[in-house]
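The primary structure of each chain is shown beneath.
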Amino acid sequence: MATATFPKKPPSPNNAYVVAHVEPTPATQVYLPEIFKGLAVAMRHFFRNTKEMVRNERPDPVTESIAQGITTISYPEQKRPYPERFRGLHRLTQRDDGSPRCVACLCCSTACPAQCIFIEAGEYPEGDPRRGYERYPVKFVIDELRCIFCGYCVEACPCDAIRMDTGLHAVPYDSREQFIYRKDLLLAQASRDGSHLTANPRHEPGDETHPGVTREHMTH
Ligand code: SF4
Ligand code: SF4
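By the naming in an unreviewed UniProt entry, the protein goes by NADH-quinone oxidoreductase subunit I and is assigned to Pendulispora rubella. The protein has a UniProt comment under Subunit (unreviewed entry) that states "NDH-1 is composed of 14 different subunits. Subunits NuoA, H, J, K, L, M, N constitute the membrane sector of the complex." A UniProt comment under Subcellular location (unreviewed entry) is attached to the protein, and it reads "Cell membrane".

Now for the sheet that holds strand β5 (residues 180-181). Ordered by their spatial adjacency, three strands build an open sheet running β2-β3-β5, and the pairing between neighbours is antiparallel. Looking at which strands have only one partner, the edges of the open sheet turn out to be β2 (117-123) and β5. Across two bridges, strand β3 (residues 135-143) lies against β5 in antiparallel orientation. What sits directly across from Ile142, in β5, is Tyr181.

For ligand 1, the set of nearby residues contains 14 residues, the closest of which are Cys112, Cys147, Cys150, Gly151 and Cys153. Tallied by class, the residues present in the shell around ligand 1 amount to twelve nonpolar, two polar and no charged.

With that settled, the discussion passes to the UniProt feature "binding site: [4Fe-4S] cluster 2" (unreviewed entry) in the protein. Residues annotated by UniProt as "binding site: [4Fe-4S] cluster 2" (unreviewed entry) correspond here to Cys112, Cys147, Cys150 and Cys153. Spanning 42 residues, the named residues nonetheless gather at one spot, since no C-alpha pair among them exceeds 10.5 Å. Assignment of secondary structure puts Cys147 in the loop between β3 and α5 (152-156). The class of Cys147 is buried, set by a relative accessible area of 12%. Cys147 has contacts with His90 and Cys116, leaving out every residue within four places of it along the chain. You can see Cys153 is positioned in helix α5. When neighbours within four sequence positions are excluded, Cys153 is seen to be in contact with His90, Cys108, Ile117, Ile162 and Met164.

Thresholds applied
Residues numbered from 1 in each chain as written. Chains lettered and ligands numbered in written order. Predicted model: local features only at pLDDT ≥ 70, side-chain atom pairs only at ≥ 80, totals over all residues. Heavy atoms only, no water. UniProt positions renumbered as here; feature names shortened; annotations may be inferred. Pairing = 2+ DSSP bridges. Helix = DSSP H or I, 4+ residues; strand = E, 2+ residues; numbered from the N terminus. Near = heavy atom within 4 Å. Nonpolar A, V, L, I, M, F, W, Y, C, P; charged D, E, K, R; others polar. Buried < 20%, exposed > 50% of the residue type's maximum accessible area, 1.4 Å probe, protein only. Contact = heavy atoms within 4.5 Å.

Right under this line is the structure:
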């Protein structure tokens, strides 16, 4: 059986459908009648609901909420406690000697969908047992204004070096620069309990429990 063939339509620009153009007329350009119609509907509901509430034919939501106890709080004098897993502003955790736990592996910046983490890696100086094992962040910058607080950076970090357990939310600064959190500020941020360390420390090079290769192994 012969099948009908149809001429292909040329692709429309931006892959959009062509919509019939309607010439503007006074009837389509004047919005006041529609506005008054909407107001009339709103006022009709307002007076009917008020009348029914006065006649006790309908519950009054305001008096009901007062009877149940008002649940509003006087923010910012009163604040609701954030849940335990609230993702607040970032901090970089410290080792016992105050140095960053971060080894500048770039996992967090790679995982960050907002691309708001910048890290410049450096080598520890000669004589430091960490030289050759791991690097450290010479620069570690987070643009908290661009961050979407997804927590991927925390999940990606193999060292528990970056956390969002400060319990702090971003406050409304008046310049972009104030949202740029650099290494020193990130290291100075504390967790909710005031600690700069982590409850989940990893084994350090030189530590007997360190599971990786030792410097002696590396000489063979
Ligand atoms: S919370 Fe998400 S968006 Fe913010 S720095 Fe971490 S990975 Fe990037
Ligand atoms: S914070 Fe963690 S994931 Fe990010 S560079 Fe440092 S060690 Fe790697």
